[in-house]
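Letter by letter, the chains look like this.
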Amino acid sequence: MALRDIIILPDKRLRVVSAPIEAVTPAIRRLADDMLETMYEAPGIGLAGIQVAEPLRIVTMDLARKEDEDSAPNPRVFINPEIVARSDELSVYEEGCLSIPEYYGEVERPARVRVRYLDLDGKPHEEDAEGLFATCIQHEIDHLDGVLFVDYLSKLKRDRVLKKFAKAAKRAAAE
Ligand code: GNR
Ligand code: NI
């Protein structure tokens, strides 16, 4: 296992549409391991391939600690995840993103979704998600399509955060 660097705004790669995974090879399993390690270390509750600069449709997640501090880890990997149904009912959650560090904003999304994905054995699954799971899997699948949670904020808020990260990158480059 190895830690990978997480890319942050204004890195344009965050806007790339990731490619489907054709076969779950040993290299994909290694990537999943590295993503889990990177996600735990960050720490975050989810991570998409593109966040470690791999434009492939893979997501890691662990909601266990977030929901119950004392619970055992529950590492999960979703290959080629897609939402096949959404509830009309919406819910609001204050989201954050490892690629937009230290910025949070309220996002309204479908409260429940049905997710189709492959596991690390290439076996297909369908699962209903609600609560934090529903929010997180939608946030991660958005990453696979080059979409960030700030895209759902008002133009004023979005422009403000994009500008802030563009400025920070310029300052860092000038050092
Ligand atoms: O760690 C994360 N927390 C989080 C909180 C609310 C909604 C979504 C998330 S996902 C985020 C990690 C991340 O950036 N995944 O892409
Ligand atoms: Ni994110």
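Just so it is clear, the structure is predicted and the values come from calculations on it, not from any experiment.

S.K.: Kindly report on the coordination of the nickel ion (ligand 2), identifying the contributing residues and their values.
M.R.: Here the nickel ion (ligand 2) is held by C97 (SG), H139 (NE2) and H143 (NE2), and the distances to it run 2.1 to 2.4 Å. The motif formed by the donor residues of the nickel ion (ligand 2), counted along the single chain, is C-x41-H-x3-H. Of this pair, C97 sits in the loop between β4 (90–95) and β5 (105–110) while H139 sits in helix α3 (residues 131–144); the two residues are 42 residues apart in sequence, bridging distant segments of the chain. Across the pair, exposure class does not vary: C97 and H139 are buried alike.

S.K.: Just give me the short version of α3, but keep the residues and values in it.
M.R.: Under the 1.5 Å per step criterion, the end-to-end length of α3 is 21 Å for 14 residues, consistent within 8% with the ideal 20 Å. In the stretch just after α3, G146 is the one whose phi turns positive, near 75°.

S.K.: Give a description of the site of ligand 1 that names residues and reports values.
M.R.: Around ligand 1 there are 14 residues in total, and I45, Q51, L98, E140 and H143 lie nearest to it. Contact distances for ligand 1 include 2.8 Å between an oxygen atom and a backbone N or O atom of L98. Bound to the protein, ligand 1 loses 92% of the 390 Å² it would expose on its own. For the shell around ligand 1, the elements supplying multiple residues, two or more each, are β4 and α3. For the shell around ligand 1, the leading source of residues is α3, giving 4 residues. The class makeup of the residues in the shell around ligand 1 is 4 nonpolar, 7 polar and 3 charged.

S.K.: For the nonpolar core, give the residues involved together with the corresponding values.
M.R.: Within the largest apolar cluster, 17 residues are counted, with the highest numbers of intra-cluster contacts made by M61, F78, V113, A129, F133 and I137. Secondary-structure elements contributing two or more residues to this core are β2 (58–61), β3 (76–86), β6 (112–118) and α3. Here the element with the most residues in this core is α3; it accounts for 7 residues. Not counting residues within four places of it along the chain, the set of residues in contact with M61 comprises L36, M39, I45, G46, N74, P75, R76, F78, F133, C136, I137 and E140.

S.K.: I'd like to hear about the state of the cysteines, residue by residue, with values.
M.R.: One pass over the full model with this rule turns up 0 disulfides. Free cysteine: C136, not disulfide-bonded; nearest cysteine sulfur from C97 at 10.0 Å. Owing to a relative accessible area of 4%, C136 belongs among the buried residues under this scheme.

S.K.: Quick one: what's the story with the pairing of β3, residue by residue and with numbers?
M.R.: The pairing of β2 with β3 spans 4 bridges and is antiparallel. Its bridge partner lying in β3, V59 is registered against F78. The pairing of β3 with β6 spans 5 bridges and is antiparallel. Considered in β6, the bridge of A85 is made with R114.

S.K.: So what about the sheet that holds β6? Which residues, and what values?
M.R.: An order of β1-β2-β3-β6-β7 is seen for the 5 strands of this open sheet, with the pairing classed as antiparallel. Single-partner strands in this sheet number two, and they are β1 (46–48) and β7 (124–130). When the angles between neighbouring strand axes are averaged without regard to direction, this sheet yields 40°. Inspection of the sheet shows β6 paired to β7 by 7 bridges, in the antiparallel sense.

S.K.: Can you break down the side chain of N80 residue by residue, with the values?
M.R.: Structurally, the position occupied by N80 is in strand β3. At 2.8 Å, the side chain of N80 and the backbone nitrogen of I21 are in polar contact.

S.K.: Can you break down the side chain of S71 residue by residue, with the values?
M.R.: In this fold, S71 is placed in the loop between α2 (64–67) and β3. Among the polar contacts made by the side chain of S71, one reaches the main-chain carbonyl oxygen of A64 at a distance of 2.8 Å. Ignoring anything within four residues of it in the chain, the contact list for S71 reads A64 and R65.

The rules we used
- Residues numbered from 1 in each chain as written.
- Chains lettered and ligands numbered in written order.
- Predicted model: local features only at pLDDT ≥ 70, side-chain atom pairs only at ≥ 80, totals over all residues.
- Heavy atoms only, no water.
- Donors = N, O, S within 2.8 Å, 3.2 Å for Na, K, Ca; no water.
- Helix = DSSP H or I, 4+ residues; strand = E, 2+ residues; numbered from the N terminus.
- Buried < 20%, exposed > 50% of the residue type's maximum accessible area, 1.4 Å probe, protein only.
- Expected span 1.5 Å × (residues − 1).
- Near = heavy atom within 4 Å.
- Polar contact = N/O pair within 3.5 Å; in protein donor to acceptor, adjacent residues only side chain to side chain.
- Areas by Shrake-Rupley, 256 points an atom, 1.4 Å probe, with all protein chains shown as cover.
- Nonpolar A, V, L, I, M, F, W, Y, C, P; charged D, E, K, R; others polar.
- Core = buried A, V, L, I, M, F, W, Y, C linked by side-chain atoms within 4.5 Å.
- Contact = heavy atoms within 4.5 Å.
- Disulfide = S-S within 2.5 Å.
- Pairing = 2+ DSSP bridges.
- Axes fitted to C-alpha atoms, helices over the stretch in contact; angles between N-to-C directions.

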